[in-house]
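Descriptive structure summary
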Amino acid sequence: MSLAPISLRALVRGDSRADRVVPPTGFTARLTVFTAAAMAFLAVLALALSLAAGRLATTWGDELARASTVRISAPEGQGAAQVEAALRVLEQTPGVASARALTNDEQRALLEPWFGPDLPLEDLPVPRLIEVIETSEGYDGAGLRLRLQAEVPGAVLDDHTRWRRPLVTAATRLRLFGWVSLGLIAAAVGAMVTLAANAALAANAQVIAVLRLVGATDTYIARAFVRRFTLRALGGAAVGTGPRHRRRPRTGRGRATPVASSPASPSGAGTGSCRCWCRRSRALSPFLPPPAPRGAFWRI
Amino acid sequence: MIELDSVAYNYGGGELLTDISLDLAPGSFHFLTGPSGAGKTTFLKLCYGALVPTAGQVRLFKRDVRQMTRDQVAMSRRRIGVVHQDCRFLDHLPLSENVALPLVVSGAEAGQEGNLRELMAWVGLSGRADALPPELSGGERQRAALARAVIMSPEVILADEPTGNVDWDMSQRLLQLLVELNRMGKTILIATHDLQLIRAAKVQVQARVLRIKDRRLQTAGADL
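Residues numbered from 1 in each chain as written. Chains lettered and ligands numbered in written order. Predicted model: local features only at pLDDT ≥ 70, side-chain atom pairs only at ≥ 80, totals over all residues. Heavy atoms only, no water.

**Let's talk about the overall build of chain A**
If you tally the helices and strands in chain A, you get ten helices and four strands. N-terminal to C-terminal, the α/β element order of chain A is α-α-α-β-α-β-α-β-α-β-α-α-α-α. Sorting the 300 residues of chain A into buried and exposed places 35% on the buried side. When contacts within chain A are restricted to residue pairs at least 6 apart in sequence, those whose partners lie at least 24 apart make up 76%. Carbon and sulfur atoms make up 62% of the accessible area of chain A, which totals about 17900 Å². (Helix = DSSP H or I, 4+ residues; strand = E, 2+ residues; numbered from the N terminus. Buried < 20%, exposed > 50% of the residue type's maximum accessible area, 1.4 Å probe, protein only. Contact = heavy atoms within 4.5 Å. Areas by Shrake-Rupley, 256 points an atom, 1.4 Å probe, with all protein chains shown as cover.)

**Comments concerning the interface of chain A and chain B**
Each side of the interface is counted separately: chain A has 20 residues, and chain B has 23 residues. Where chain A packs against chain B, one counts one salt bridge. The interface formed by chain A and chain B contains four residue pairs in polar contact (both at pLDDT 80 or more). A per-element tally of the side of chain A that touches chain B places helix α8 (residues 205-213) of chain A first, with seven residues. Looking at the side of chain A that touches chain B residue by residue, the classes come out as 13 nonpolar, three polar and four charged. (Salt bridge = Lys/Arg side-chain N within 4 Å of Asp/Glu carboxyl O. Polar contact = N/O pair within 3.5 Å; in protein donor to acceptor, adjacent residues only side chain to side chain. Nonpolar A, V, L, I, M, F, W, Y, C, P; charged D, E, K, R; others polar.)

**Some remarks on a nonpolar patch on the surface**
All names here are of chain A. Taken together, the side chains of F41, L42 and L45 define a hydrophobic patch exposed on the protein surface, amounting to about 230 Å² of accessible area. Along the chain, F41 falls in helix α3 (residues 27-65). Judged by its relative accessible area of 35%, F41 is partly exposed. (Patch = residues over 30% accessible without salt bridge, like charges linked within 9 Å, V, L, I, M, F, W, Y side chains within 5 Å.)

**Regarding the packing of aromatic side chains**
Residue and element names in this part refer to chain B. Using the criterion set out here, one finds two aromatic pairs over all chains in the structure. Each ring, one from Y9 and one from Y11, has its centre 4.9 Å from the other, and the planes form 80 degrees; the classification is edge-to-face. Sitting over the ring of F61, R79 keeps its end group 3.9 Å from the ring centre. (Phe/Tyr/Trp six-rings, centres within 6.5 Å; stacked < 30°, edge-to-face > 60°. Lys NZ or Arg CZ within 6 Å of the ring centre and 35° of its normal.)

**Quick notes on the confidence of the model for chain A**
Note that predicted coordinates carrying low pLDDT should not be read in detail. Residue and element names in this part refer to chain A. Considering every residue of chain A, the mean pLDDT works out to 71; 70% of them sit at 70 or more. For chain A, helix α10 (residues 271-283) is the element with the lowest average pLDDT, namely 37, and α8 is the one with the highest, namely 87. This model gives residues 245-300 a pLDDT under 50, and the stretch forms 55 contacts once residues within four places in sequence are excluded. (pLDDT = per-residue confidence, 0-100.)

**Quick notes on the environment of V205 of chain B**
All names here are of chain B. Tracing the backbone through its elements, the reader meets V205 in the loop between α8 (195-204) and β9 (207-213). Taking the C-alpha atoms as reference points, V205 and S28, 177 residues apart in sequence, are found 9.5 Å from one another. If we skip the residues at most four places from it in the chain, V205 touches F29, V179 and N182.

**Focus: the UniProt feature "transmembrane region" (unreviewed entry) in chain A**
Residue and element names in this part refer to chain A. Within this structure's numbering, the places UniProt gives as "transmembrane region" (unreviewed entry) are residues 31-53, 174-197 and 203-222. Helix makes up 100% of residues 31-53 and strand 0%, and the two end C-alpha atoms of the span are 32 Å apart. Within the segment residues 203-222, helix and strand shares are 75% and 0% respectively, and the terminal C-alpha atoms sit 15 Å apart. (UniProt positions renumbered as here; feature names shortened; annotations may be inferred.)

**A short note on the sheet that holds strand β1 (residues 67-72) of chain A**
Residue and element names in this part refer to chain A. In spatial order, the strands read β2-β3-β1-β4; together these four strands make up an open sheet with antiparallel pairing. Each edge of the open sheet is held by one strand with a lone partner, namely β2 (96-101) and β4 (155-158). When the angles between neighbouring strand axes are averaged without regard to direction, this sheet yields 20 degrees. Where β2 lies against strand β3 (residues 128-134), five bridges are found, and the strand directions are antiparallel. The residue of β3 that forms the bridge with R100 is E131. (Pairing = 2+ DSSP bridges. Axes fitted to C-alpha atoms, helices over the stretch in contact; angles between N-to-C directions.)

**Concerning the packing of helix α7 (residues 168-183) of chain B against α8 of chain B**
Residue and element names in this part refer to chain B. Their axes nearest at 10 Å, the elements α7 and α8 cross at an angle of 40 degrees. By the angle class used here, α7 and α8 are oblique. With respect to the hand of their crossing, α7 and α8 are arranged in right-handed fashion. Contact residues: W168, S171, Q172, L175, Q176, V179 and R183 in α7; Q196, L197, A200, A201 and Q204 in α8. Of the residues belonging to the contact of α7 with α8, the class tally is six nonpolar, five polar and one charged. (Parallel < 35°, antiparallel > 145°, perpendicular 65-115°, else oblique. Left-handed = near helix turned anticlockwise from the far one by under 90°.)

**Comments concerning the nonpolar core**
Residues and elements named next belong to chain B. If you look at the biggest cluster of nonpolar residues, it comprises 44 residues, and the most contacted ones within it are F29, F31, V99, L146 and L175. Top element by residues in this core is α7. It accounts for seven residues. A domain split of this core shows at least three residues from each of domain 1 (2-79 + 155-219) and domain 2 (94-153). Those residues within four positions of L146 in sequence are excluded, and the remaining contacts are V83, L174, L177, L178 and L181. (Core = buried A, V, L, I, M, F, W, Y, C linked by side-chain atoms within 4.5 Å. Domains from an automatic or database assignment.)

**Focus on the side chain of R212 of chain A**
Among the structural elements, R212 of chain A can be located in helix α8. Overall, R212 of chain A belongs to the buried group, its relative accessible area being 11%. At a separation of 3.4 Å, a polar atom in the side chain of R212 of chain A contacts the main-chain carbonyl oxygen of A216 of chain A. In this view, R212 of chain A contacts T217, D218 and I221 of chain A together with R70, V73, A74 and R77 of chain B; residues no more than four positions away in its chain are not counted.

Right under this line is the structure:
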């Protein structure tokens, strides 16, 4: 048995008479649309999750691994001297690329979310902070801690590892989880296609037999069915991904990958493609449910 | 047109048909008879390439069925009109579209509307063109199946119990249609166990009667 390849153009253009030979509705049709919608929704969700987790893990890993903080809580009057001493120690420490004491303005900015903008920083015993950036080799944390203890009694070195490590681990796990989900969804899609094909063949065995009886070639029959089911699956996928897309139309390609878009990108960048997608989805309108009324669950 | 040469067929539990040879000549009119379960339908299926013989050779239009691709079988179906025992329609399409189905699948439906109307009138179904197949009576279904079988103007018409579930008058009308087709030069093979129908036909055309007995094809005729 040889099936001539079904050309994409013929699939898109279609043949209204050939379409009619496939029974119009049925249980399998609704299931195909529903499953395609659910799969597309879950795939987007899993992709979003893994991309977000990946981004988070990378950001945390990169930014926190290279930075640490020295906190100096000195008695009144000794602050500036201790900061200077600590900076001296840090400059002499191999593995430290730069060390810089935060200015009062920067400290105020850090505290502003908690205490408001009018904080009289000078009157409060706020510890001074020194931001330390490591070289790629890193420094010897234990050694530095001992030296600081000896020379600057009020200094505490915080190299962020204590809370960074579990966070990075969690984000990595989350990313792994996302990819595993995506793999599972791919496998489920494969299973769904197999089951749908089997169910469709069983449900339409009579139609196929009649078509063969009156002299239809395999290609003709396959084209009629492939077209119907491809359009149905596309319609379902549009239903599954469409609402998310309409809510956060950020990416330029008309795909719904909300987290992949950087917050810095202009928020209206994708609205054009969203309109375009809506126009396109009207072409599939026979396969889509009627438009949802305002206030549908995904718009809330 | 259709040649069978020492053909045998076996569904897996012993041979149903053995050593069958037949040559359906153009313009001939054959009846195929035999008790129920003797293999009449199997014989017809061998004749239109739905089954491949387990032994021997079947040639459709001088081509061995075993060597034919599925597309070639489909093409030969367009030259053989089949009236199935259970008619087999697409239940979601109206009758006129069902009758025109062979034209649609072969891409030849353009400009055939007049022919379709004429054919529907010929089988007396003009008024039922928009009815769905499940709404039709047994006789109407049989006539529609005949119309669908002949719409491509095939060279051979194979009919499996075309008068199976219709009354005598209706079977006479169907026979009349088949006789007319034979007069137009078509080769006809009708499987039936209705001997009265065969007698009625013999008055109008020169029909040969074949009988399947003990798994073999015999020529009857004189005794009818």
